[in-house]
Amino acid sequence: ERELAPPIMVNARVAPLGSRLVLALLEDRTRERRVEAVRRDFVANVSHELKTPVGAIKILAEAVEDASDDPEAVRRFASRMRVESDRLASLVQQVIELSRLQAVDLVETRSEVRIDQVVAEAVDTSALDAASKGISLVVRGDTGLSVSGDPKLVAAAVSNLVSNAVAYSGERTSVVVETKGLERTVEISVVDQGIGIPTDEIDRIFERFYRVDPARHRSTGGTGLGLSIVKHVAATHGGDVRVWSVQGQGSTFTLVLPRHVNADSGIITAEAPT
Ligand code: ADP
């Protein structure tokens, strides 16, 4: 009897812990399955999205072959082929960025990212598109700010916001990139006077491949991945992304990232929680 007592005691104490363990394992399995389902969905979506421009390019190439004696038609098909290949190229680029986001261990790759430089590059990338629509790109606000993060991902996020602002704006409007340093964070806002986003769609625009009524802006050749990259960059950096928009008037996207502490400055209060 004395020999039996200890195991029973042990069991009694272990039981609740054990069931919690089982629950935790079950939750883990459920999460794993959900992650797996999201991954499968993503692969299916990517395959579908890749097939569309590839199929279009093939059909256009055939059309070029058939129209070889009609230079005007050849030019028209060729220009559509260029649009479709641009679409394909940005899709591939964004899929790479997204998978990098999933693989990256930010604790290891965090470094000082200079916002002036990131903004200048993003503005540079969109300068041609902006110029062709007579859109003025303005940068203002605090300078000399740094965030703590992955340089490539921060650059991708900001450049997605700027290129969206240009893509979804009409001619002769302005796009303003405004930077603001707060105690622990840096806010990068991109303000446009473009088409805006319907209120009931605002929650959905950050979903992968989601585009507000693709017909209204087919010519932009977007992929629907840009904002999901922005959202992931914000989340993996412990930051945030906010959107404010009035349909027909414009949108403001604000990316919030943890402020980088300059080791020399001694301003420890500016350090973001990790
Ligand atoms: P896309 O490649 O289509 O631009 P995003 O994920 O970047 O994909 O954006 C998703 C959708 O959100 C876009 O298709 C567009 O409908 C809407 N959107 C994004 N940015 C803006 C903006 N600045 N103004 C208006 N609509 C926008």
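An unreviewed UniProt entry annotates the protein as Sensor-like histidine kinase SenX3 originating from Nocardioides daphniae. According to its UniProt record, the protein has this under Catalytic activity (unreviewed entry): "ATP + protein L-histidine = ADP + protein N-phospho-L-histidine." UniProt annotates the protein under Subcellular location (unreviewed entry) with the comment "Cell membrane".

Draft legend 1. Examining the packing of helix H5 (residues 151–167) against helix H6 (residues 226–236) more closely. It is at 9 Å that the axes of H5 and H6 come closest, and there the two elements cross at 140 degrees. On the basis of their axis angle, the class for H5 and H6 is oblique. Considering only the axes of H5 and H6, their crossing is left-handed. On the side of H5, the interface is formed by Leu153, Val154, Ala157, Asn160, Leu161 and Asn164, while H6 contributes Gly226, Leu227, Ile229, Val230 and Val233. Looking at the contact of H5 with H6 residue by residue, the classes come out as 8 nonpolar, 3 polar and no charged.

Draft legend 2. Examining the packing of aromatic side chains more closely. For the structure on display, the rule yields 1 aromatic pair. Arranged with centres 6.4 Å apart and planes meeting at 70 degrees, the rings of Phe206 and Phe253 form a pair that is edge-to-face. Of this pair, Phe206 sits in the loop between strand S5 (185–191) and H6 while Phe253 is found in strand S7 (residues 250–258), placing the two residues 47 residues apart along the sequence. The class for Phe206 is buried, based on a relative accessible area of 12%.

Draft legend 3. Structural context of the packing of helix H4 (residues 115–132) against H5. Where H4 meets H5, the closest approach of the two axes is 9 Å, and the angle between their N-to-C directions is 35 degrees. Every pair of crossing elements has a handedness; the one defined by H4 and H5 is right-handed. Facing Ile115, Val118, Val119, Ala122, Ser126, Asp129 and Ala130 of H4, the residues of H5 in contact are Val154, Ala155, Val158, Ser159, Val162, Ser163 and Val166. The class makeup of the residues in the contact of H4 with H5 is 10 nonpolar, 3 polar and 1 charged.

Draft legend 4. Focus on the confidence of the model for the protein. Model confidence for the protein is summarised by a mean pLDDT of 84, while 82% of its residues fall at 70 or above. Segment residues 1–15 is flagged for pLDDT under 50; beyond a separation of four residues in sequence, or across chains, it makes 0 contacts in the model. Long-range and interchain partners of residues 265–272, a stretch whose pLDDT sits below 50, account for 12 contacts in this model, where long-range means more than four residues apart. If you check the scores for this complex, the pTM reads 0.75 and the ipTM reads 0.98.

Draft legend 5. Region of interest: unusual backbone geometry. One non-glycine residue with positive phi stands out, namely Arg172, at about 55 degrees. By the element assignment, Arg172 lies in the loop between H5 and strand S4 (174–181). Look at Arg172 and you get exposed, because its relative accessible area is 68%.

Draft legend 6. Local environment of the sheet that holds S7. Taking strand neighbours across the sheet as the criterion, the 5 strands line up as S2-S4-S5-S7-S6 in an open arrangement whose pairing is mixed. At either margin of the open sheet sits one strand with a lone partner, and together these are strand S2 (136–141) and strand S6 (240–246). Pairwise comparison of adjacent strand axes, ignoring direction, gives a mean angle of 15 degrees for this sheet. One ladder, built from 6 bridges, connects S2 with S4; its direction is parallel. Its bridge partner lying in S4, Val139 is registered against Val177.

Conventions used here
- Residues numbered from 1 in each chain as written.
- Predicted model: local features only at pLDDT ≥ 70, side-chain atom pairs only at ≥ 80, totals over all residues.
- Heavy atoms only, no water.
- UniProt positions renumbered as here; feature names shortened; annotations may be inferred.
- Axes fitted to C-alpha atoms, helices over the stretch in contact; angles between N-to-C directions.
- Helix = DSSP H or I, 4+ residues; strand = E, 2+ residues; numbered from the N terminus.
- Parallel < 35°, antiparallel > 145°, perpendicular 65-115°, else oblique.
- Left-handed = near helix turned anticlockwise from the far one by under 90°.
- Contact = heavy atoms within 4.5 Å.
- Nonpolar A, V, L, I, M, F, W, Y, C, P; charged D, E, K, R; others polar.
- Phe/Tyr/Trp six-rings, centres within 6.5 Å; stacked < 30°, edge-to-face > 60°.
- Buried < 20%, exposed > 50% of the residue type's maximum accessible area, 1.4 Å probe, protein only.
- pLDDT = per-residue confidence, 0-100.
- Pairing = 2+ DSSP bridges.

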